[in-house]
Amino acid sequence: MSITLDIRLKRANKVYHEGEVLAGVVVLASKEAVQHQGISLTMEGVVNLQLSSKSVGVFEAFYNSVKPIQLINSNIEVAKAGRIPGGKTEIPFEFPLSTKGNKVLYETYHGVFVNIQYILRCDMKRSLLAKDLSRTFEFMVHCQPQKAKLVAMSVDFTITPETLQNVQERSLLPRFQIRGHLNATNCVITEPLTGELMVENSQVAIKSIELQLVRVETCGCAEGYARDATEIQNIQIAEGDVCHGLSIPIYMVFPRLFTCPTLETTNFKVEFEVNVVIVLHDDHLITENFPLKLCRV
Amino acid sequence: MMIQKVSCHFKSIISGDIKDHALHSRERRYQAELQSSRLECVPVEFGDYHPLKAITVTDAKSRRGARKGSTSSSSSSSSSVALDPLSSMLDGTDPLSMFAAASAVEDLGRKKREEEVVGTDFEPWSAKRGEILARFTTTEKLSIVSIYHSSAKIFPGSSAVSEKVRTRLEELDDQEEGSQRELLNLSQQEYANRIEELNQSLKEAWATDQKVKALKIVIQCSKLLSDTSVIQFYPSKFVLITDILDTFGRLVYDRISSMCSADSQTLPDSFTAADVNDTAKETCLNWFFKIASIRELIPRLYVEAAILKCNRFLNKTGIQETLPRLTAMIRGIGDPLVAVYARAYLCRVGMEVAPQLKDSLNRNFFDLLSTFRQIHGDSVQNQLVLQHVEIPQYLTLYSPAIHWILQCVAYRAPDPLLTEMMERCKKLGNNALLLNSVMWAFRAEFVAARATDFIGMIKDCDEAGFPKHLLFGSLGRSLACADPPEAERLTILNEAWKVITKIRGPQDYIHCAEIWVEFTCRHFTKREVNTVLADIIKHLTPDRAFEDAYPLLQSVIQKILTYFHDFSVLFSMERFLPFLDMFQKDGVRVAVCRTIMEVFIKHQLEPTRDPVILNALLHVCKAMHDSVNAMTLEDEKRSLSLLISGFIRMVWFGRDFEQQLSFCVEARATFCNLEPLLVQLIHTVNQLAMETRRMMRGNHSRKTAAFVRACAAYSFITIPSLSSIFCRLSLYLLSGQVALANQCLSQADAFFKAAVSLLPEVPRTISVEGKSRSSESLLLDFINNFFAMLLVVPDHPEHGVLYLVRGVLNMVQDYTWEDNGDAKVKVYISALPLLAAMSQETYLYSIPKVDSNETLYGGDPKFLTEIDKLCETLISQVLDYLKTLGREENTVRRQGSLSFSLFSSLLAHGDLRNNKLNQLAVNLWNLNHKHGCSDTRTSVRTLEYIKQQAQQPGMAHIGDMVQRLTLQSRT
């Protein structure tokens with residue numbers, strides 16, 4: 001005798017906002033009728049913080065501070081104890097997405113050291129002889145649109161050997177001049193990052209120009225904090241020795257799940273940066289960093 | 001038993017002396033019989049009736065008022081069209097066209113998709129594919145990175161699993177899918193096979209729901225396009241890989257489209273984003289997010305372009321926003337060759353998905369112009385040096401892509417835009433490459449109108465760059481389809497030819513010249529074409545360069561033949577025949593001759609006697625004829641004969657019959673290896689003789705009499721060289737008839753004698769289409785035919801009475817017939833009607849101005865006795881034979897049918913008032929019925945016929961006979 005349990009939400013994209021109602025069905029499928037002690041749904045929202053391996057040793061002292069932060073935890077009963085007939089049964093449910101007290105529902109985010117995840121779990125209790133059944137289902141939460149007016153500020157940049165920091169022997173560098181701009185660093189998360197870049201001249205042929213999207217995650221408390229920057233994705237915008245004097249578009253879509261509006265709380269921070277990386281044919285690597293502020297409108 | 005009474009046996013038919021069963025032939029009044037037996041004539045309306053029209057059965061019962069008591073009360077008339085068996089056979093698709101259809105399906109599908117959005121005047125990509133694949137090849141070794149080695153990161157970032165675990169998982173993944181390796185040293189074919197394998201595994205992965213694997217495959221493939229090692233193969237590689245991308249784009253589109261149609265009907269073609277459900281949209285969005293996170297530029301670009309059409313599911317403006325973005329993205333590609341092909345792909349997808357968006361096409365072209373200097377940049381030069389590729393060769397690699405881009409841009413574009421494009425191209429240094437594509441891709445009319453300008457521009461081009469002959473080739477191609485202004489034509493030709501004639505390599509030269517021949521033929525007279533031909537001959541003769549250029553030279557001939565249908569003009573070109581002489585390889589030579597003859601047969605409608613045409617074509621036909629040898633296939637011989645006889649038929653010297661005959665003599669000498677031609681010639685000569693007769697209205701003068709005798713002589717000496725015996729027999733007969741019609745008695749006699757003496761040589765089996773068949777029926781047919789002729793052939797004064805008839809019968813007697821066959825007796829029976837007809841006072845038919853035996857003998861009793869004797873002998877022979885047949889159980893059926901045919905003969909031709917004959921007939925009837933193998937229906941009808949005959953005056957006697965003919969009842 002086998003029974004399968006499944007949760008289906010009405011929304012195909014599984015994205016919900018605070019105050020909305022998750023509507024869907026619990027789908028039970030079995031060949032024969034099944035006796036059960038009740039079916040319930042649990043909604044859970046948790047922030048998991050993790051310290052990077054390099055930090056653990058140093059900051060053992062505040063290990064406790066990185067326990068998961070619960071954002072939401074509520075429960076409803078879908079069906080009372082009884083019998084489910086054989087075949088496919090769909091039990092509809094509506095589950096409001098709301099918090100108790102003044103807790104804020106952060107946006108779903110999958111990172112390396114910070115993870116914000118919302119799940120819906122369906123449990124079916126059964127008599128002692130049979131195992132309880134459980135099924136979890138992740139759904140996305142998007143935070144409420146931010147009210148603040150977003151001012152798109154174009155950011156210009158020029159990269160020459162002189163503008164570089166962190167260079168050992170400046171005289172050994174080949175000559176080059178690259179100019180460009182980002183249309184905004186205050187970005188709407190649903191819109192791509194755009195801009196232009198032009199190689200005005202370069203002594204050495206260019207091998208590749210890339211956009212590196214970086215997440216900067218900070219976990220900490222009063223005692224101290226750990227801040228780590230890791231790459232989310234790397235998008236090549238130019239390959240080979242591009243035509244000089246011709247502007248190349250900068251364009252990058254922010255990946256879903258792996259980005260969220262820039263987040264700053266007492267316990268953790270999630271920020272984003274973009275690096276414009278220019279690789280020269282002699283394997284010189286030139287990076288220009290731009291902090292980003294992501295928001296949802 | 002009647003047969004037992006017959007106990008005679010003869011040594012020879014002719015010397016037979018038994019008079020038991022003399023055939024007393026009945027007197028015939030042919031005219032009267034004809035009148036009485038003629039069918040009633042019903043006038044036919046020609047509009048309604050045609051023998052080949054499908055038969056329409058109209059059932060109109062109620063219209064016949066005369067038919068009383070009709071049970072049918074309905075007045076409807078139903079009509080049914082009987083199917084023509086031939087067309088109904090072919091109604092279903094026959095196997096050959098089914099194959100053709102099957103192979104065309106794929107192409108058709110591809111073409112269809114492209115034609116939906118653009119007109120049919122847009123040359124689709126599928127037309128270019130093959131050409132590119134054939135042109136850009138390499139013998140160098142290629143390498144391909146194995147598919148499963150995926151370094152493209154599809155999912156960004158990844159979760160909180162530690163690095164170590166992730167690596168381990170990836171390793172496992174890889175092991176599952178096969179090891180990563182780079183395949184080196186692949187030949188071009190292996191490379192193409194490899195890519196086809198990838199195409200298959202893409203479809204497979206898709207079918208087994210491994211969408212991620214499918215995407216990986218596509219990314220891997222498009223990554224190959226950033227690799228420009230073995231650069232001369234790049235265009236072909238592009239073709240192969242974009243095929244995969246097309247497949248992928250189609251798979252994704254179809255899948256999402258099917259998701260939409262799950263809950264309702266299938267999406268209409270003109271759907272909007274509003275018609276698409278959320279699940280489909282989400283899936284579609286997912287694809288775009290995944291593709292947006294592909295690391296490398298080139299795969300990201302190509303894959304997104306491949307699924308460009310899917311934007312339709314998301315929103316209305318998706319495509320028109322994406323196209324310019326992708327166009328701009330290409331600027332990031334450093335290698336100009338890779339970039340230009342990426343542009344070509346984008347244009348191709350753009351034309352297919354949204355042909356109305358001209359802007360991004362133009363944008364692409366302008367971007368191409370602004371990056372044009374890259375081609376001569378350092379990195380390209382270094383690469384070329386490394387790969388040992390010359391600049392001109394490198395530049396030609398661009399052609400297909402630029403052609404395509406320009407074709408898209410120029411498609412239905414207004415003239416001012418084209419002019420602007422041209423101006424822009426002009427401004428760039430070393431623009432030959434662009435110029436070439438402009439001429440290739442822009443409307444031919446546009447190019448033709450500015451042909452003089454183009455020539456100027458071509459002349460200004462740098463010698464070291466793009467090959468000039470290609471430029472002139474492109475210009476010539478445009479001018480072949482569109483006409484430049486009338487006044488400039490000659491200048492254009494002169495200017496162009498001035499350059500073409502200086503092209504050094506004979507191959508390059510002929511490539512270019514071949515194209516310009518069309519322009520020359522189209523607008524100029526034979527004089528110019530002749531000059532062009534002379535120039536080609538001059539260039540290709542040294543070192544026998546023509547040997548490598550046969551296909552092109554053939555195409556030159558073809559083009560000339562398209563425009564010059566008047567063969568007298570054609571052959572008056574001095575250089576035409578010398579040009580033909582360049583085709584020295586046998587097969588090619590024959591092929592060219594064939595083309596010429598086909599055109600001649602198609603376009604020469606009037607017979608000709610022009611000596612120029614005759615000489616030249618005789619030369620051409622001789623070339624074809626001389627190619628025949630022992631190895632030549634039958635089919636080949638047949639088709640050659642067909643072509644040559646087409647020529648022979650077209651030769652007519654009008655009233656100059658002598659010359660016609662001497663032409664036939666010459667032709668016979670020339671075409672002695674092809675029998676069908678000899679047959680054709682004999683027919684021609686026979687026709688000539690009859691034509692002479694017609695002209696003289698049957699009264700030959702001394703001169704014409706001599707001429708027709710010469711004709712007969714021609715036939716007489718030609719016929720023996722034929723190998724087919726039946727062909728010979730029928731030609732002897734035919735020529736004999738012609739000779740007789742022309743009052744050449746001794747010649748006719750000779751023909752008939754020859755035919756008779758040929759009879760014993762007829763083999764018992766002949767081979768028909770490779771199978772051996774009995775020749776008996778053919779022989780019987782011929783003999784019957786021959787008998788019919790013999791009626792009017794007068795006896796030779798020096799030979800005895802009925803010399804030829806006796807001759808045939810003797811031959812028949814001596815011939816080794818098939819065992820257990822009745823053929824011999826059948827011949828005897830069929831000789832009876834002939835003899836009966838001969839004994840009439842006036843013959844059934846006669847030949848004007850030839851006295852048949854009726855006049856020669858004038859009903860001389862001796863002659864009649866002679867005939868009677870012969871009949872007697874024949875009948876006794878038949879009866880004898882019937883007797884032997886009766887002895888055995890298994891032959892009685894044959895006995896029955898033979899006795900019935902003899903009965904019929906007697907009934908029709910014998911004078912049944914004669915008691916003996918009457919009795920014989922009755923006996924035969926009974927014999928037929930004795931064994932119960934007679935056909936009752938035939939018997940009944942025969943009886944009816946006899947009764948009807950008995951009504952006729954003077955036929956009362958057979959009425960009595962009917963009483964004695966009993967019908968066997970079937971019990």
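Going by what an unreviewed UniProt entry lists, chain B is known as VPS35 endosomal protein-sorting factor-like and is assigned to Gadus morhua. UniProt, in its Subcellular location (unreviewed entry) section for chain B, records the words "Endosome". In UniProt, chain B has this text filed under Sequence similarities (unreviewed entry): "Belongs to the VPS35L family."

Chain A appears in an unreviewed UniProt entry as VPS26 endosomal protein sorting factor C from Gadus morhua. Among the UniProt annotations of chain A, the heading Sequence similarities (unreviewed entry) holds the following wording: "Belongs to the VPS26 family."

**Q** What is the right way to look at the overall build of chain A in this model?
**A** The secondary structure content of chain A amounts to one helix and 21 strands. By sequence separation, contacts in chain A at least 24 residues apart represent 71% of the contacts at least 6 residues apart. If you sum the accessible surface of chain A, you get close to 14,800 Å²; carbon and sulfur atoms cover 50% of it.

**Q** Honestly, the overall build of chain B in this entry has me stumped. Any pointers?
**A** A tally of regular secondary structure across chain B gives 45 helices and six strands. Split into buried and exposed, the 971 residues of chain B put 50% on the buried side. Sequence-distant contacts in chain B: of pairs separated by 6 or more residues, those separated by 24 or more amount to 74%. With the model as given, the accessible surface of chain B reaches about 48,100 Å², and the carbon-plus-sulfur share is 52%.

**Q** Would you mind showing me how to read the interface of chain B and chain A here?
**A** The accessible area lost on association of the parts is a frequent measure of interface size. Contact residues are listed per partner, giving 34 residues for chain B and 32 residues for chain A. Seen at the junction of chain B and chain A, the total is two salt bridges. A salt bridge links E210 of chain A to R295 of chain B, with the nearest nitrogen and oxygen atoms 3.6 Å apart. At the junction of chain B with chain A, the criterion picks out ten residue pairs in polar contact (both at pLDDT 80 or more). When residues of the side of chain B that touches chain A are traced back to their parent elements, those giving at least two are helix 10 (278-292), helix 11 (297-306) and helix 13 (318-329) of chain B. Among the residues making up the side of chain B that touches chain A, the classes are represented as eleven nonpolar, 13 polar and ten charged.

**Q** I'm lost on the pairing of strand 3 (residues 21-30) of chain A in this one. Help?
**A** Both faces of the sheet carry side chains from a regular strand, because those side chains alternate between them. All names here are of chain A. Judged by how many residues are buried, strand 3 sits mostly within the fold: eight of ten residues are covered. Summarising the sheet, strand 3 and strand 8 (residues 87-96) pair through ten bridges and their orientation is antiparallel. Paired with L22 across the bridge in strand 8 is F95.

**Q** Teacher, can you tell me more about the pattern of salt bridges here?
**A** Here the idea is simple: oppositely charged side chains can pair when their charged atoms come close. All names here are of chain B. Summed over all chains, the structure comprises 39 salt bridges over all chains. We note a salt bridge from E528 to R527, for which the minimum N-O separation is 3.5 Å. With relative accessibility at 63%, the residue R527 sits in the exposed group. Across the pair R806 and E866 runs a salt bridge, and its minimum N-O distance is 2.4 Å. On the criterion of sequence distance, the pair formed by R806 in helix 38 (residues 803-814) and E866 in helix 41 (residues 861-886) is long-range, its members being 60 residues apart. Overall, E866 belongs to the partly exposed group, its relative accessible area being 22%.

**Q** Explain the packing of helix 8 (residues 211-224) of chain B against helix 9 (residues 234-261) of chain B to me, please; I cannot follow it from the model alone.
**A** The geometry of a pair of packed helices is captured by two quantities: the angle between their axes and the separation between those axes. All names here are of chain B. As a packed pair, helix 8 and helix 9 sit with axes 9 Å apart at the nearest point and diverge in direction by 155°. Taken together, the axes of helix 8 and helix 9 are roughly antiparallel relative to one another. In this structure, helix 8 meets helix 9 at a crossing whose hand is left-handed. Listed contacts from helix 9 to K211, L215, V218, C221, S222 and L224 of helix 8 are K237, I241, I244, L245, F248 and R255.

**Q** It is not clear to me how the packing of aromatic side chains should be interpreted in this structure. Could you clarify?
**A** Centre-to-centre distance and the angle between the planes together describe a pair of aromatic rings. Tallying each qualifying case throughout the model produces 40 aromatic pairs over all chains. Ring centres of Y16 of chain A and F139 of chain A lie 6.2 Å apart, and the angle between their planes is 85°; on these two criteria the pair is classed as edge-to-face. Taken together, the residues Y16 of chain A in strand 2 (residues 15-16) and F139 of chain A in strand 11 (residues 133-141) connect sequence positions 123 residues apart. Measuring from centroid to centroid gives 4.8 Å for Y815 of chain B and W817 of chain B, while their planes differ by 70°, and the two rings are edge-to-face. The pair Y815 of chain B / W817 of chain B is uniform in exposure class, with both members buried. Geometry around W206 of chain B places K211 of chain B over its ring, the cationic atom sitting 5.0 Å from the centre. Here the basic side chain of K309 of chain B rests over the ring of Y253 of chain B, its NZ or CZ set 4.3 Å away from the ring centre.

**Q** Help me understand the sheet that holds strand 8 of chain A, please; the structure alone is not making it clear to me.
**A** Consider a sheet: its strands pair through backbone hydrogen bonds, and that pairing is either parallel or antiparallel. Residues and elements named next belong to chain A. As summarised here, the arrangement of the three strands in space is 1-3-8, forming an open sheet in which the pairing is antiparallel. Among the strands making up the open sheet, the edge pair consists of strand 1 (3-9) and strand 8. Strand-to-strand twist in this sheet, taken as the mean axis angle between neighbours without regard to direction, amounts to 20°. As defined by bridge partners, strand 1 adjoins strand 3 across seven bridges and the pair is classed as antiparallel. For R8, the partnering residue across the bridge sits in strand 3 and is V25.

**Q** What's the story with the pairing of strand 13 (residues 176-182) of chain A in this structure? I'm lost.
**A** Residues and elements named next belong to chain A. Because side chains alternate across strand 13, one face comprises the buried residues F176, I178, G180 and L182, and the other comprises Q177, R179 and H181, none of which is buried. Pairing of strand 12 (residues 155-159) with strand 13, which is carried by five bridges, proceeds in the antiparallel orientation. Across the sheet, V155 pairs through a bridge with L182, a residue of strand 13. Note that strand 13 and strand 15 (residues 193-202) share seven bridges and pair antiparallel. Paired with L182 across the strands is G195, a residue of strand 15.

**Q** Just checking my understanding: could you explain the sheet that holds strand 13 of chain A for this structure?
**A** Residues and elements named next belong to chain A. The strand order across the open sheet formed by four strands is 12-13-15-18, and the pairing between neighbours is antiparallel. At either margin of the open sheet sits one strand with a lone partner, and together these are strand 12 and strand 18 (247-252). The sheet shows a mean angle of 20° between the axes of neighbouring strands, taken without regard to direction.

**Q** Any chance you could explain helix 41 of chain B here in plain terms?
**A** An α-helical segment advances 3.6 residues per turn. Residues three or four places apart therefore align on the same side. Taking 1.5 Å per residue, 26 residues should reach 38 Å; helix 41 of chain B reaches 37 Å between its end C-alpha atoms and fits that length. At the N-terminal boundary of helix 41 of chain B, the capping side chain belongs to D860 of chain B, with an oxygen 3.1 Å from the backbone nitrogen of K862 of chain B.

**Q** Would you take a moment to explain helix 16 (residues 378-387) of chain B for this structure?
**A** Residue and element names in this part refer to chain B. Considered for burial, the residues of helix 16 that qualify are V380, Q383, L384 and Q387. Angularly, the buried residues of helix 16 cover 100° about the axis, an arc narrow enough to put them on a single face. Residues of helix 16 that are exposed and point over 90 degrees away from its buried face: D378, V385 and L386. Buried residues in helix 16 make contact with helix 14 (336-353) and helix 17 (391-410). Trailing helix 16 by a residue or two, H388 shows a phi angle of about 55°, which is positive.

**Q** Help me understand the environment of G910 of chain B in this model?
**A** Residue and element names in this part refer to chain B. With respect to the helices and strands, the residue G910 is situated in the loop between helix 42 (892-909) and helix 43 (915-930). A relative accessible area of 1% means that G910 is categorised as buried. With 78 residues separating them in the primary sequence, G910 and L832 have C-alpha atoms 9.2 Å apart.

**Q** What should I look at first to understand the state of the cysteines in this one?
**A** Covalent bonding between the sulfur atoms of two cysteines defines a disulfide. Tallying each qualifying case throughout the model produces zero disulfides over all chains. Unpaired in terms of disulfides, C408 of chain B finds its nearest cysteine sulfur in C347 of chain B, a separation of 5.1 Å.

**Q** Teacher, can you tell me more about the side chain of T265 of chain A here?
**A** Residue and element names in this part refer to chain A. Along the chain, T265 turns up in the loop between strand 19 (263-264) and strand 20 (268-280). Of note is the side chain of T265, whose polar atom sits 3.3 Å from the backbone nitrogen of N267. A distance of 2.8 Å separates the side chain of T265 from the backbone oxygen of F268, its partner in a polar contact.

**Q** Help me out: how do you make sense of the environment of V46 of chain A in this one?
**A** Residues and elements named next belong to chain A. Mapped onto the elements, V46 comes out in strand 5 (residues 39-49). Distance from V46 to I69, taken between C-alpha atoms, is 5.6 Å for residues 23 residues apart in sequence. The contacts of V46, once residues within four sequence positions are left out, are P68, I69, L71, N115, I116 and Q117.

**Q** Honestly, the packing of helix 7 (residues 188-207) of chain B against helix 9 of chain B in this entry has me stumped. Any pointers?
**A** All names here are of chain B. Close contact between helix 7 and helix 9 brings their axes to 10 Å; oriented N to C, the two are set at 5°. Overall, the two elements helix 7 and helix 9 adopt an arrangement that is roughly parallel. Only K237, L240, I241, I244, T247, F248, L251, V252 and R255 of helix 9 make contact with helix 7, whose side of the interface consists of Y191, A192, I195, L198, N199, L202, K203 and W206. Taken together, the residues of the contact of helix 7 with helix 9 break down into twelve nonpolar, two polar and three charged.

**Q** Is there a simple way to explain the confidence of the model for chain B in this structure?
**A** Low-pLDDT stretches of the model should not have their predicted coordinates read in fine detail. Residue and element names in this part refer to chain B. Averaged over all residues, the pLDDT of chain B equals 80, while 83% of them reach at least 70. This stretch, residues 174-181, has a pLDDT under 50; its non-local contacts, to residues over four places away or in other chains, come to 13 contacts. Here the complex is predicted with pTM 0.66, and the ipTM for its interfaces comes to 0.91.

Criteria and cut-off values
Residues numbered from 1 in each chain as written. Chains lettered and ligands numbered in written order. Predicted model: local features only at pLDDT ≥ 70, side-chain atom pairs only at ≥ 80, totals over all residues. Heavy atoms only, no water. UniProt positions renumbered as here; feature names shortened; annotations may be inferred. Helix = DSSP H or I, 4+ residues; strand = E, 2+ residues; numbered from the N terminus. Contact = heavy atoms within 4.5 Å. Areas by Shrake-Rupley, 256 points an atom, 1.4 Å probe, with all protein chains shown as cover. Buried < 20%, exposed > 50% of the residue type's maximum accessible area, 1.4 Å probe, protein only. Salt bridge = Lys/Arg side-chain N within 4 Å of Asp/Glu carboxyl O. Polar contact = N/O pair within 3.5 Å; in protein donor to acceptor, adjacent residues only side chain to side chain. Nonpolar A, V, L, I, M, F, W, Y, C, P; charged D, E, K, R; others polar. Pairing = 2+ DSSP bridges. Axes fitted to C-alpha atoms, helices over the stretch in contact; angles between N-to-C directions. Parallel < 35°, antiparallel > 145°, perpendicular 65-115°, else oblique. Left-handed = near helix turned anticlockwise from the far one by under 90°. Phe/Tyr/Trp six-rings, centres within 6.5 Å; stacked < 30°, edge-to-face > 60°. Lys NZ or Arg CZ within 6 Å of the ring centre and 35° of its normal. Expected span 1.5 Å × (residues − 1). Arc of directions from axis to C-beta. Disulfide = S-S within 2.5 Å. pLDDT = per-residue confidence, 0-100.

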